[in-house]
There are 2 protein chains.
Amino acid sequence: MAEGGFNFNIVIVGLGLIGGSYAMALKRLNPSSICGIDVDENSLKEALNMGIIDQGFTDGKEVLKNADLVIIALYPEKIINFIKINIDNFKKGAVITDTCGIKEGLIDNINSFLPDDLDFIGGHPMAGRESKGIKVASKDIFNNANYIITPTERNCKENVMLIEKMAKDIGCKKVINISPKEHDRIISFTSQLPHVIAVSLMDSDLIESDIETFTGGSFKDATRVAVINSELWSELFFLNSDNLIAEIEKFQKSIEKVKNAIMLEDKCTLKDIFESATVKRKKMV
Amino acid sequence: MAEGGFNFNIVIVGLGLIGGSYAMALKRLNPSSICGIDVDENSLKEALNMGIIDQGFTDGKEVLKNADLVIIALYPEKIINFIKINIDNFKKGAVITDTCGIKEGLIDNINSFLPDDLDFIGGHPMAGRESKGIKVASKDIFNNANYIITPTERNCKENVMLIEKMAKDIGCKKVINISPKEHDRIISFTSQLPHVIAVSLMDSDLIESDIETFTGGSFKDATRVAVINSELWSELFFLNSDNLIAEIEKFQKSIEKVKNAIMLEDKCTLKDIFESATVKRKKMV
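Bear in mind the structure is a predicted one, so any value in this text is a computation, not a measurement. (Residues numbered from 1 in each chain as written. Chains lettered and ligands numbered in written order. Predicted model: local features only at pLDDT ≥ 70, side-chain atom pairs only at ≥ 80, totals over all residues. Heavy atoms only, no water.)

1. Overview of the interface of chain A and chain B
Working step 1: Listed by partner, the interface residues are 85 residues for chain A and 85 residues for chain B.
Working step 2: The junction of chain A with chain B conceals about 8200 Å² of combined surface from both sides, 66% of it contributed by carbon and sulfur atoms.
Working step 3: Taken together, the connections running from chain A to chain B amount to 12 salt bridges.
Working step 4: Note that Lys259(B) and Glu249(A) form a salt bridge whose closest N and O atoms lie 3.0 Å from each other.
Working step 5: Where chain A packs against chain B, one counts 34 residue pairs in polar contact (both at pLDDT 80 or more).
Working step 6: Those elements giving two or more residues to the side of chain A that touches chain B turn out to be β7 (146–150), β8 (174–177), α6 (180–203), α7 (217–223), α8 (230–239), α9 (241–263) and α10 (267–282) of chain A.
Working step 7: Looking at which element gives the most residues to the side of chain A that touches chain B, the answer is α9(A), with 18 residues. (Contact = heavy atoms within 4.5 Å. Buried area = accessible area lost by both parts, 1.4 Å probe. Salt bridge = Lys/Arg side-chain N within 4 Å of Asp/Glu carboxyl O. Polar contact = N/O pair within 3.5 Å; in protein donor to acceptor, adjacent residues only side chain to side chain. Helix = DSSP H or I, 4+ residues; strand = E, 2+ residues; numbered from the N terminus.)

See the structure below:
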């Protein structure tokens with residue numbers, strides 16, 4: 001592994017919103033080389049035209065042989081497939097990372113077949129957009145975002161530090177190391193549950209054509225992420241379903257409690273819940 | 001009732017966030033006079049210092065006698081009490097309006113004792129802030145907001161048009177007339193339910209001290225209105241509980257459906273819900 005600065009060869013796998021944004025942000029750091037792999041030749045052409053990759057490839061056979069750092073910006077199942085198919089193509093000592101929103105099952109699966117001379121480090125930039133594809137990619141998605149890294153005992157400390165450095169250099173505000181298990185538990189509450197709520201709210205009543213007239217900010221805010229990439233989020237939900245179901249059920253108990261307080265005109269209970277929610281929410285920026 | 005322009009005497013009752021904001025926005029239109037009533041003398045002093053009222057009063061005895069337009073920016077129960085107490089103080093032909101978030105029960109109650117020579121017209125500016133009090137008042141809260149008016153057969157058309165004109169002149173984007181009953185039904189879905197969800201979400205799990213590190217925009221957006229005025233919103237929920245309970249229960253069915261699809265790994269159902277939610281949400285700006 002080349003040390004210091006960005007004197008190494010980077011390969012980004014999957015030139016969509018996230019992969020394209022990595023390419024844009026990393027290209028500016030002048031790495032030795034930056035190449036892209038995508039099954040879609042149009043995305044490769046687009047990335048070449050944008051000047052954010054040096055070369056594009058539709059598979060990993062040739063380019064992975066020289067890659068020091070491989071960033072896989074695919075959906076979870078496809079990350080595993082990509083590594084399996086290319087298991088003999090990686091350079092010895094290469095650092096492989098990903099960008100997806102679930103970690104424990106993914107990392108266990110990959111580590112079960114990864115040779116000792118390859119290091120897979122789970123990464124999750126808390127950045128995204130409602131749209132997809134390289135055309136909406138932007139280096140700015142990382143600005144002020146948090147970047148979660150989920151190292152395991154198998155990982156080489158130096159390689160973890162490389163991913164930390166990369167996260168900061170592309171603009172992330174804060175980099176946090178946490179176990180894959182803890183990541184998945186917390187994320188099921190802080191990210192997956194709000195998505196479940198947003199789609200459930202959109203689904204829960206007929207929307208009159210001019211409903212917008214009757215919405216202040218609260219409805220729009222609560223449903224912003226109801227514009228959802230259904231392929232990606234079904235997969236993320238299924239792969240973290242134990243945690244997510246537990247969080248949904250806690251939320252169901254909570255809303256049932258609020259409902260009962262309203263039905264019974266139990267002002268005392270309702271005010272306790274409101275005041276506690278207010279205090280908790282004010283602590284967040 | 002004085003016609004045209006703003007050649008009439010305005011009284012604003014309750015100089016909090018909303019009442020104070022009305023005073024600021026209306027003062028700029030140069031009405032014949034604009035006075036404030038508030039039980040809190042500090043709020044009156046503040047409004048006088050800000051130059052947004054001509055005179056302040058702690059009750060309505062004197063000032064209501066000359067008031068052509070009375071805007072009551074109090075909580076629902078206090079609106080009714082204020083009108084009852086001052087029933088003999090209003091000028092004949094005065095137009096009385098309010099600003100609160102529920103309508104049917106309030107208007108029925110007021111109309112049951114209001115003399116024929118007074119006209120109460122329900123109004124609901126879709127504007128608010130998480131904070132309260134005159135110090136956070138701003139004429140800008142009306143900018144691009146929608147303003148709902150809920151006329152009944154009892155209302156004089158000319159007076160309804162006056163409230164419409166006022167709403168536009170203080171900066172509202174769109175003014176909508178709708179029945180009190182329909183208002184309460186729609187608002188229970190578009191405004192009250194998102195507030196119930198926000199507080200329930202804050203209440204539903206232990207919040208680790210550094211949870212903010214793990215939140216992208218979705219959690220913050222979904223809980224923005226969890227910073228809630230507990231006195232006001234308990235009252236609004238109780239006074240619209242039939243509609244609100246019905247909406248909570250529809251939402252509960254909806255989230256149960258999503259939960260079951262996740263448990264059963266029923267990708268087909270989940271994708272249908274996601275895609276429908278995406279289409280509906282994209283229609284909103």
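2. Thoughts on the sheet that holds strand β4 (residues 69–72) of chain B
All names here are of chain B.
Working step 1: With respect to topology, eight strands assemble into an open sheet ordered β3-β2-β1-β4-β5-β6-β7-β8, the strand pairing being mixed. Looking at the sheet topology across the chains shown, the edges are occupied by β3 (55–57) and β8 (174–177). Each adjacent strand pair in this sheet contributes to an overall mean axis angle of 25°, direction not counted.
Working step 2: With three bridges connecting them, strand β5 (residues 95–98) and strand β6 (residues 119–125) associate as parallel partners. (Pairing = 2+ DSSP bridges. Axes fitted to C-alpha atoms, helices over the stretch in contact; angles between N-to-C directions.)

3. Let's talk about the domain arrangement of chain A
Interface size is commonly expressed as the accessible surface area that is lost when the partners come together.
Residue and element names in this part refer to chain A.
Working step 1: If you check the domain split of chain A, you get domain 1 (9–178) and domain 2 (183–282).
Working step 2: Centre-to-centre separation of domain 1 and domain 2, based on C-alpha positions: 31 Å.
Working step 3: Each partner contributes to the interface: domain 1 provides 15 residues, whereas domain 2 provides 15 residues.
Working step 4: Summing both partners gives a buried area of about 1300 Å² for domain 1 against domain 2, and 66% of it is carried by carbon and sulfur.
Working step 5: At the boundary of domain 1 with domain 2, the tally comes to zero salt bridges.
Working step 6: Taken together, the connections running from domain 1 to domain 2 amount to five residue pairs in polar contact (both at pLDDT 80 or more).
Working step 7: Taken together, the elements giving at least two residues each to the side of domain 1 that touches domain 2 come down to α3 (76–85), α4 (104–113) and β7.
Working step 8: The residue inventory of the side of domain 1 that touches domain 2, partitioned by class, reads six nonpolar, four polar and five charged. (Domains from an automatic or database assignment. Nonpolar A, V, L, I, M, F, W, Y, C, P; charged D, E, K, R; others polar.)

4. Quick notes on the packing of helix α9 (residues 241–263) of chain B against helix α10 (residues 267–282) of chain B
All names here are of chain B.
Working step 1: In contact at an axis separation of 8 Å, α9 and α10 are set at 140° when each is read in the N-to-C sense. Taken together, the axes of α9 and α10 are oblique relative to one another. Considering how the two elements wind past one another, α9 and α10 form a crossing that is left-handed. Contact residues: Lys 257, Val 258, Ala 261 and Ile 262 in α9; Thr 269, Leu 270 and Ile 273 in α10. (Parallel < 35°, antiparallel > 145°, perpendicular 65-115°, else oblique. Left-handed = near helix turned anticlockwise from the far one by under 90°.)

5. Comments concerning the packing of α4(A) against α6(A)
Residues and elements named next belong to chain A.
Working step 1: Put simply, α4 and α6 touch, their axes get as near as 8 Å, and they point 150° apart. Between α4 and α6, the crossing angle belongs to the class labelled roughly antiparallel. Taken together, the residues of α6 that come into contact with α4 (itself represented by Glu 104, Gly 105 and Ile 107) are Pro 180, Lys 181 and Asp 184.

6. Side note on the relation of the copies chain A and chain B
Working step 1: Superposition of chain A onto chain B requires a rotation of 180° combined with a translation of 0.0 Å along the rotation axis, giving an RMSD of 0.1 Å. As the rotation angle and translation indicate, the two copies are arranged about a two-fold axis. Judged by C-alpha distance, Ala222(A) is the residue of chain A that lies nearest the rotation axis, at 2.1 Å.
Working step 2: When the interface residues of chain A are mapped onto chain B, 100% of them again fall at the interface, so both copies present the same face. (Least-squares fit on C-alpha atoms with pLDDT ≥ 70 in both.)

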